[in-house]
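The residues making up each chain are set out below.
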Amino acid sequence: MHILIVEDEAAIADTLIYALQSEGFTTTWLALGQAALESVRQAEPDLLILDVGLPDISGFEVCKQLRRFSEVPVIFLTARDGEIDRVVGLEIGADDYVVKPFSPREVAARVKVILKRVAPRDVSNSAAVLRYFGFELDPKRVQVHYLGQPLSLTRHEFKLLNVLLDQPERVFSREQLLDGLGIAADAGYERNIDSHIKSLRAKLRQINASHDPIQTHRGLGYSLKCGR
Ligand code: CA
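Residues numbered from 1 in each chain as written. Predicted model: local features only at pLDDT ≥ 70, side-chain atom pairs only at ≥ 80, totals over all residues. Heavy atoms only, no water.

## Looking at helix 7 (residues 174–181)
Every α-helix winds through 3.6 residues per turn, so residues three or four apart in the chain are directed the same way. Counted only if it meets this: Here's how the labels work: a residue is buried when its accessible area is under 20% of the maximum for its type, exposed when over 50%, partly exposed in between, all with a 1.4 Å probe on protein chains only. Secondary structure elements are taken from DSSP: a helix is a run of H or I of four residues or more, a strand is a run of E of two residues or more, and numbering for both begins at the N terminus. Along the arc lie the directions from the helix axis toward the C-beta atoms.
Within the sequence span of helix 7, burial applies to Leu177, Leu178 and Leu181. Each buried residue of helix 7 lies within a common arc of 100° when the element is viewed along its axis, so the set occupies one face. Facing away from the buried surface of helix 7 by more than 90 degrees, the exposed residues are Glu175 and Asp179. Immediately beyond the C-terminal end of helix 7, within one or two residues, lies Gly182, with a positive phi of roughly 75°.

## Some points on the pairing of strand 10 (residues 214–217)
Using the following cut-off: Here, any two strands with at least 2 DSSP bridges between them count as paired.
By the bridge criterion, four bridges tie strand 10 to strand 11 (residues 221–224) in an arrangement that is antiparallel. Among the inter-strand pairings, His217 is bridged to a residue of strand 11, identified as Gly221.

## A word on the sheet that holds strand 7 (residues 135–138)
Quick note on the threshold: Contacts between residues were defined by any pair of non-hydrogen atoms, one from each residue, lying within 4.5 Å. For helices, the fitted axis covers only the stretch in contact; all axes are lines through C-alpha atoms, and the angles between them, taken along N-to-C directions, range from 0 to 180 degrees.
One open sheet holds the four strands; their spatial order is 6-7-8-9, and the pairing between them is antiparallel. Either end of the sheet is taken by a strand with one partner, and the two such strands are strand 6 (130–132) and strand 9 (149–150). Bridge count for strand 6 against strand 7 is three bridges, and the pairing is antiparallel. From the neighbouring strand, Tyr132 faces strand 7, where its bridge partner is Phe135. Of the strands in this sheet, strand 6, strand 7 and strand 8 (143–146) are in contact with helix 6 (residues 155–166), which crosses strand 7 at around 115°.

## Looking at the coordination of the calcium ion
Defined as follows: Sodium, potassium and calcium take a 3.2 Å donor cutoff, other metals 2.8 Å, and in both cases only N, O and S atoms count; water is not among them, so sites may look incomplete.
For the calcium ion, the full set of protein donor atoms is Asp8 (OD), Asp51 (OD) and Gly53 (O), and the range of their distances to it is 2.2 to 2.4 Å. Mapped onto the sequence, the residues coordinating the calcium ion show the spacing D-x42-D-x1-G. Residue Asp8 is located in the loop between strand 1 (2–6) and helix 1 (10–22), and its partner Asp51 is located in strand 3 (residues 47–51); the two are separated by 43 residues in the primary sequence. Taking the relative accessible area as the measure of exposure, Asp8 reaches 31% and is therefore partly exposed. Accessibility expressed as a relative area gives 2% for Asp51, which makes it buried.

## Re the pairing of strand 2 (residues 26–30)
Inclusion rule: Place the viewer so that the strands point away; then a crossover is right-handed whenever the path from the first strand over the helix to the second strand goes clockwise.
For strand 1 and strand 2, the ladder comprises five bridges, and the chain directions are parallel. Along strand 2, the bridge assignment pairs His2 with Thr26. Taking the sense of rotation as the criterion, the β-α-β connection linking strand 1, helix 1 and strand 2 turns out right-handed.

## Side note on the packing of aromatic side chains
Going by this rule: A pair of aromatic rings is counted whenever rings of Phe, Tyr or Trp (Trp by its six-membered ring) have centres within 6.5 Å, and the orientation is called stacked for planes under 30 degrees apart, edge-to-face for over 60 and tilted otherwise.
All chains considered together, the criterion is met by two aromatic pairs. With 4.4 Å between their ring centres and 25° between their planes, Phe135 and Tyr146 make a pair best called stacked. On the criterion of sequence distance, the pair formed by Phe135 in strand 7 and Tyr146 in strand 8 is long-range, its members being 11 residues apart. Of the residues examined, Phe135 reaches a relative accessible area of 2% and is grouped as buried.

## Quick look at the sheet that holds strand 1
The five strands are arranged 2-1-3-4-5 in an open sheet whose pairing can be described as parallel. With one partner strand each, in any of the chains shown, strand 2 and strand 5 (96–99) form the two edges of the open sheet. When strand polarity is set aside, the average angle formed by the axes of neighbouring strands in this sheet is 20°. Strand direction decides the pairing type here: strand 4 (residues 74–78) and strand 5, joined by four bridges, are parallel. Counted as the bridge partner of Leu77 is Val98 from strand 5. Strands in contact with helix 1 are strand 1, strand 2, strand 3 and strand 4; relative to strand 2, the strand with the most contacts, it is inclined by about 170°. The strands touched by helix 2 (residues 33–42) are strand 1, strand 2 and strand 3; relative to strand 1, the strand with the most contacts, the crossing angle is about 160°.

Right under this line is the structure:
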């Protein structure tokens, strides 16, 4: 497993490199955000550890640009409380964050948790193809079609749809959906479910604008309901 560390302070990077290599990870260290984007474009690592305060562009900006072409898991390194608020808001699509000063061993432990969570075998408990009112989702091949057309989804959108399709018509709370995504529930992450649902709906609308199969249940959550 290859971990890319983007951190401008050599001392911090060193402790991370040491902790991760002791756990058997391969590491690459970069100090600039632009270089990190280039690097991910050329060869996607298995996970990115990304400092928020970088000398060229901020870690937030790196993550934002990254998400246009990559779903690689990201752990933010943050220095200040103000930064944490933005990270947990998760508009930027991070998977986790740690606050400086941190224990490198704890970071290595979180890396392992996230890599386990995103492993393809975790996408669904069952590998059977799910079919429901125009949806055809293949968990093994991580492919989904809607009304015969392929859907290009992010990792989180795919898992979300997988959970909903697994039990059509069941109302899932945001917490249950987060659970399906393998994310620990807290206030910030719950808002994040709404944004994933929003982007998923937009993609479904491009295929069929006249019907929204994802139902919002006020104060409860979401369900998938395709019949009239
Ligand atoms: Ca820094």
